Each structure stands twice: as C-alpha cells, then as structure tokens.
Amino acid sequence: MNSTPTETTLTDAVHTWALRQPTAKIASEYRAQGHWRDTTIVDDILSMAKAHPRRAAIVAYRKGSAVPETITYGQLNALVERAALALIELGVEANDVVSLQMPNGWEFAVAALAAARAGAVVNPLVTIFRRRELEFMLSRAGSKVLIVEESFRGFNHAELALDLRRTLPSLEHVVVARGVAYGGALSFEEQFLHSEANRATDTAAILADRRRSCDDIASLIYTSGTTGEPKGTLHSYNTLWSAGRAVFDNLSLGSDDVSFMASPVGHLTGYLWGMLHPLSRGMTAVFQDVWHPGGFLDLIDVEGITWTIGATPFVVDAVEEQIRSPRSFASLRTFVCAGAPISPALAPRAASELGAQLLAQWGTSECGGVTVHHPSDDVETVCSSDGRPIGFMALKIVDDAGNPVPLGTEGRLIVRGPSVFVGYLGRGDLYDDVVDPDGWFDTGDLGIEHSDGTVRITGRAKDIIIRGGENIPVVEIENLLLTHPGIREVAVIGLPDERLGERGCAVIVPRNEAPGLPELLKYLDEHGTAKQYWPEHLVVVDEMPRTPSGKIQKFRLRELATAKPDR
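Report follows, based on the coordinates. (Residues numbered from 1 in each chain as written. Predicted model: local features only at pLDDT ≥ 70, side-chain atom pairs only at ≥ 80, totals over all residues. Heavy atoms only, no water.)

### Quick word on the overall build of the protein
Thinking step 1. A tally of helices and strands in the protein yields 18 helices and 30 strands.
Thinking step 2. For the protein, whose C-alpha radius of gyration is 23 Å, the value lies close to the compact-globule estimate of 24 Å for 567 residues.
Thinking step 3. Once the C-alpha set of the protein is aligned to its principal axes, its extents read approximately 75 × 55 × 45 Å.
Thinking step 4. The proportion of buried residues among the 567 residues of the protein is 59%.
Thinking step 5. Once local pairs closer than 6 in sequence are excluded, the contacts in the protein between residues at least 24 apart make up 68%.
Thinking step 6. Total accessible area on the protein stands at roughly 22100 Å², and carbon and sulfur atoms take up 49% of it.
Thinking step 7. With 53 positive and 72 negative side-chain charges, the protein shows a separation of 1 Å between the mean positions of the two kinds. (Helix = DSSP H or I, 4+ residues; strand = E, 2+ residues; numbered from the N terminus. Rg over C-alpha atoms; globule rule 2.2 N^0.38 Å. Buried < 20%, exposed > 50% of the residue type's maximum accessible area, 1.4 Å probe, protein only. Contact = heavy atoms within 4.5 Å. Areas by Shrake-Rupley, 256 points an atom, 1.4 Å probe, with all protein chains shown as cover. Lys, Arg positive; Asp, Glu negative; His and termini not counted. Charge placed at Lys NZ, Arg CZ, Asp CG, Glu CD.)

Spelled out as structure tokens, the structure:
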C-alpha cells in the first residue's frame, strides 16, 4: 500500500508547522477500517462525564499524605469547562501551545483537557526538566502559557517559570498551582477553579466553536532523549487515539477497571495510557505523584486496582517490596511493561509475588504501541519476546539496504500505520530522515521476528556493539547477567577501542556487595556464553540514569564509564 504523505504547512503567529499527512485515499481507508474516527478522545471523556457524573474519575495520592484527592467525572467536566474559558480569556487561540509541567494529579488532567477544549496544542513536560531543557523546549514550541506546580520534590518550579517568561518572548502567562502569590504569575486556583469569568455567556457555544477536528494537532511531546537532543513529536487526535488503544482492546479493559499510574503524566506513557485512554473509557484512574512501591502495593486492595503500565524497574521494585513485606490483594491482574524487555527471571516472580501477569508492550513516542502480548501468551513467550505486531500496524525487519531479513535474523524495525506521528516540530528534515515516501517509519530499534509471529527487541541501532567486526547480542547478555544473584540492574554498552573498534562494558546496580568482573565472567562462562560476547569492563553505579519513561540512557552511561575505573 503506497501511503506517500502529503505535506501541509500550517502557519500561525509563532511557528510554521511542517506536517506530513497520509494521502486522502489512505486516510479514508483508515476511517473505513475503524482506525481513525471523527470523534476525538476528548469527546470520549466528555461523553463519559455526561453518562457517569458521579463515578470517580481520578484518585490522586500525593507523597506525604495518606488521604487521596478524588474528583468525579462530573466535577472533572465542570472544572475543565471553567479552565478552558479562562485560557480563552487569557488569549489562547487555536494551535497555540499550552505547556504543563506538573506532577501526577487531578490538576494536570484539568489543565490538559482544558487546553484541548480551548483549541490549543497540549505540551506535557516531565517535572525533572530544568532551565536548559525547558528553555529549548518552550522556545521551540513558542509556548504561550506555562502551567506549573509551585514546588515539587524540593524544587521551586514557579521561580524558574517566571524567570523563563522574562527571557522567552512568546511565553505570555505563567500559571502556578498550589502556591503562594507570585508577582507576575497567575494562580491556578483563582484563575481556573474559582473564576467567575464567562458565567453569563453561552459556554457551550464558545467551547463548541473551539472543538478540534480529529486531524488537528492534539499534542506536542518531546522524545525521551536516550541518545541526545529531544525532538518535539506531533500527533493529531487520530494518531494519538490509535497510538494508545491497542493495550486496552487487547486486555478487554473497560469502565469497571481501575488503572494505576506512577510514570509521569508529563511523558507519553503517563499522558496516553495513564490519563487519556483510561478516562476515555470511563475507568477510575489512580495517580501516584512519586513512585513508591510499598504505597502501590497498599493501594491495590484499597482502590481495587486491576492493571497498570510502567517501566520494567517498577515491577522489580514491587516484587522486592512484596518479598520484604508481604501484602494480601486480589484485584491486580495485569502489569504491562514498557521501555525495557522482561527478563526471564522476572515474569514468574511477578506471578508468584504479585499474582499479576506480566505482558510487554513495545513502541515509541512517534507511534505509540507497536507490539504487545496477549493474555493467552505463556511465560516463556512473554520472556522471550516483546509481543506481536498490533493488527493495524504493519511491521517489517529490514537490513541496512531496506530489504526484509529472514526470520530469526536481526534487523532494523520499520513500521507503518494509522498511529504514526505527523511531524517533528520545526524539523521537517528530521521527519523525512526517518519516514520514507511510502510512510514507513524507521524506529531506530533493532529486532528479530520469530516463527510464531512474536518480535524481540534486541537494542537500539545506535547502541549496537561491534567488537572486531562481530555484533554482540546486548539484550541476551543483559538478561543473563540479570539472573546473577548479586545484580539488581544491568546495562551493557560499547566503549571505543583502537584495535577492535569497541569493547563491551557492563554497568551494574548491585543488590548488596557488588560482584567483580572475574566473578561475572565466570558466571557467563558457566552458562555457555561465547567468550567474544563477554564484557571486558565493569562499572558499578548506585542507580541507572533514565528517561522519564524509565528507559536507561546509555549515552550517559558511556560518558560515566569513560570517567570511572574498572573494578
């Protein structure tokens, strides 16, 4: 199927968005097949609010407080309407960017949905970003409004936001939640929650006039940055909806389910799978603002949590906490792992300790979920693969020339379908580098397709280690080292070598006393691993540097490894 994208240039006062949309023929086919719609995910949430106004929409737990903050769907709808009108009064127009740097909580949901209802492009930002990242991202986005929580985890976001407003011409308003009065900043509570603005006007007509088309830009989300500078990924309402729905369809999740989210809602995982899709399906979404495995385990029984999605380290933490301090709970069925493979030792431990089935989803910021397991998959399948291609997404594994490789052969993963993003903000050149004229997106990941149709992600193309002309199976070595009793986490990276090009280096987080390199090499030898694959350096760290979604930043590990001596 040829899906050569057509270029659309949308110009406003701040940017020229260079968008790449599929041809009218392909778009029509996506709609006919049910992969695209004429209803947005925001419309879905509003419908749920009308149908179930008294149902709990969000239950938010904040660090240091045992009592959650709960809002119903009816309350959510009323707050979103009020906040949307306030944003319009502040001068927010269609396609303006509203940026949100807030922790997991109901305020984030109100602000994000209000921005969407005002016709703006929603730009979630994770709370770990500081001046360098924010200045780049807000400037590139031309953000008109920045909404922050005054202080989170000991950092004053309000002061930084106001300082940024003084240096960024496009940033007209800073809105501060849960804070004292700041000169030049607006109060989230006064501006959005208690304002009398527009109460005498026709609210329905105003907001109906701002309703977005399914092909309009819905979100601007920056990539995680596992290899360097982040890129601003643009999704339409249709690609965003398609990007997230497979997990929910695959697990038959519905309004009776209760979701849990500790990954940041400022990242695609939390925003799409933790907030938008659960609310669009009438679920109760339970938020935790700071990941705390003991708190999560306690909440399973209290809130009746049935499923969650998060980075694999969350599962490791939860399993180890349950071993230390066992709890009794029965509702949790599924833990979907994203961002890292499931090690062979982890799935059976999760089933034994948590009573939950581990399933993997693999995807990217550019196209959401691409592969996912089915609940009928056994433990062996889950541990040896990252799921099967989602039915409506085409997937190929190709060599460097773009030719399909045989089953069982490693190659580059390329995908095409209705969830592929529509552009990188201000960087049409980068989009054209990774999406070919037929609509195939080069994910930058390497993988193998097995004879049973499952796919195994073997690493990033840029993270591959080539030692003396031979490729090292990085994920295989990492999974084996994870079974060593002295290792909690491991990442294998390549370090430059004059003779061989690269040599392997194992970076580990130990459980207690760290094993030395000779012990690890003996362990690999006992398990029959080829000597050429053994790491030749070892670095011990207290924790892994990660992206907001939990992916290990191997480029930072390479920087660290060059500065630390071997053990």
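### Description of the side chain of Thr223
Thinking step 1. Mapped onto the elements, Thr223 comes out in the loop between strand E12 (217-222) and strand E13 (232-236).
Thinking step 2. If sequence neighbours within four positions are ignored, Thr223 has contacts with Pro230, Lys231, Thr233, Ser365 and Glu366.

### Some words on the pattern of salt bridges
Thinking step 1. Tallied over the full model, the rule gives 31 salt bridges.
Thinking step 2. Between Glu81 and Arg117 there is a salt bridge, with its nearest N and O atoms 3.7 Å apart. With Glu81 in helix H3 (residues 73-89) and Arg117 in helix H4 (residues 106-117), this pair connects stretches of sequence that are 36 residues apart.
Thinking step 3. For Glu81, a relative accessible area of 28% translates into the label partly exposed.
Thinking step 4. Given a relative accessible area of 15%, Arg117 falls into the buried group. (Salt bridge = Lys/Arg side-chain N within 4 Å of Asp/Glu carboxyl O.)

### A closer look at the sheet that holds strand E28 (residues 487-497)
Thinking step 1. Taking strand neighbours across the sheet as the criterion, the three strands line up as E28-E29-E30 in an open arrangement whose pairing is mixed. The open sheet terminates on both sides in strands that have one partner only, identified here as E28 and strand E30 (537-540). Taking each pair of neighbouring strands and ignoring which way they run, the sheet shows an average axis angle of 25°.
Thinking step 2. Where strand E29 (residues 501-510) lies against E30, four bridges are found, and the strand directions are parallel. Following the sheet pairing, Ile508 is matched in E30 by Val540.
Thinking step 3. Here helix H16 (residues 474-482) sits on the sheet in contact with E28 and E29, set at roughly 145° to E28. (Pairing = 2+ DSSP bridges. Axes fitted to C-alpha atoms, helices over the stretch in contact; angles between N-to-C directions.)

### Here's the deal with the packing of helix H9 (residues 237-250) against helix H10 (residues 268-280)
Thinking step 1. Two elements in contact, H9 and H10, have axes whose closest approach is 10 Å; the angle formed by their N-to-C orientations is 75°. Taken together, the axes of H9 and H10 lie roughly perpendicular to each other. Where H9 abuts H10, its residues Leu240, Trp241, Ala243, Gly244, Arg245, Val247 and Phe248 lie against Leu268, Leu272, Trp273, Leu276, His277 and Pro278. (Parallel < 35°, antiparallel > 145°, perpendicular 65-115°, else oblique.)

### Quick look at the packing of aromatic side chains
Thinking step 1. Per the counting criterion, the structure on display carries twelve aromatic pairs.
Thinking step 2. Aromatic side chains Phe421 and Tyr424 sit 4.7 Å apart centroid to centroid with 55° between the ring planes, which places their arrangement in the tilted category.
Thinking step 3. Under the relative-accessibility criterion, Tyr424 is labelled buried at 2%.
Thinking step 4. Each member of the aromatic cluster is reached from another via a ring pair, and the members are Phe260, Trp291, Phe296, Phe314 and Phe335.
Thinking step 5. Over the ring of Trp241 we find Arg37; its NZ or CZ atom is 4.1 Å from the centre of that ring.
Thinking step 6. The side chain of Lys396 reaches across the aromatic face of Trp440, ending 4.4 Å from its centre. (Phe/Tyr/Trp six-rings, centres within 6.5 Å; stacked < 30°, edge-to-face > 60°. Lys NZ or Arg CZ within 6 Å of the ring centre and 35° of its normal.)

### A word on unusual backbone geometry
Thinking step 1. With a phi close to 55°, Arg178 is a non-glycine residue in the positive phi region.
Thinking step 2. If you trace the backbone, Arg178 turns up in the loop between strand E10 (173-177) and strand E11 (186-187).
Thinking step 3. The exposure class assigned to Arg178 is partly exposed, which follows from its relative accessible area of 29%.
Thinking step 4. In this structure, Ser252 takes a positive phi of about 55° despite not being glycine.
Thinking step 5. Relative to the assigned elements, Ser252 resides in the loop between H9 and strand E14 (258-261).

### Notes on H3
Thinking step 1. In a regular helix each residue adds 1.5 Å, so 17 residues correspond to 24 Å; H3 covers 24 Å between its end C-alpha atoms and thus fits that length.
Thinking step 2. Directly after H3, the chain includes Gly91, whose backbone phi takes a positive value near 100°. (Expected span 1.5 Å × (residues − 1).)

### A closer look at H10
Thinking step 1. Taking 1.5 Å per residue, 13 residues should reach 18 Å; H10 reaches only 16 Å between its end C-alpha atoms and comes up short.
Thinking step 2. Most of H10 is tucked away, with 13 of its 13 residues classed as buried.
Thinking step 3. Directly beyond the C-terminal end of H10, a positive phi value near 80° is found at Gly282.

### Thoughts on the pairing of strand E18 (residues 357-364)
Thinking step 1. Extensive coverage of E18 is indicated by the burial of six of its eight residues.
Thinking step 2. Across five bridges, strand E17 (residues 334-338) lies against E18 in parallel orientation. For Cys337, the partnering residue across the bridge sits in E18 and is Ala360.
Thinking step 3. For the segment spanning E17, helix H13 (residues 346-354) and E18, crossover handedness is right-handed.
Thinking step 4. With four bridges connecting them, E18 and strand E19 (residues 368-372) associate as antiparallel partners. (Right-handed = clockwise from strand over helix to strand, strands pointing away.)

### A few points about the sheet that holds strand E21 (residues 394-398)
Thinking step 1. Taken together, the four strands give an open sheet; going across it, the order is E21-E22-E24-E25, and neighbouring strands pair in antiparallel fashion. Each of the sheet's edge strands pairs with one partner strand only, and the pair in question is E21 and strand E25 (455-460). Ignoring strand direction, the axes of neighbouring strands in this sheet form an average angle of 45°.
Thinking step 2. In the sheet, E21 pairs with strand E22 (residues 411-416) via five bridges, with the strands oriented antiparallel.

### Structural notes on the state of the cysteines
Thinking step 1. A full pass over the atoms with the stated rule returns zero disulfides.
Thinking step 2. In this structure Cys337 is not part of a disulfide, and its nearest cysteine sulfur, from Cys383, lies 9.8 Å away. (Disulfide = S-S within 2.5 Å.)

### Quick notes on the packing of H4 against H10
Thinking step 1. Interhelical geometry of H4 versus H10 gives an angle of 90° and a closest axis separation of 11 Å. Classified by the angle between their axes, H4 and H10 sit roughly perpendicular to one another. In contact with Phe108, Ala109, Ala112 and Leu113 of H4, H10 contributes Tyr271, Met275 and Leu276.
Thinking step 2. Residue composition of the contact of H4 with H10, grouped by class: seven nonpolar, no polar and no charged. (Nonpolar A, V, L, I, M, F, W, Y, C, P; charged D, E, K, R; others polar.)

Everything listed here is a matter of geometry and, on its own, says nothing about what the molecule does.
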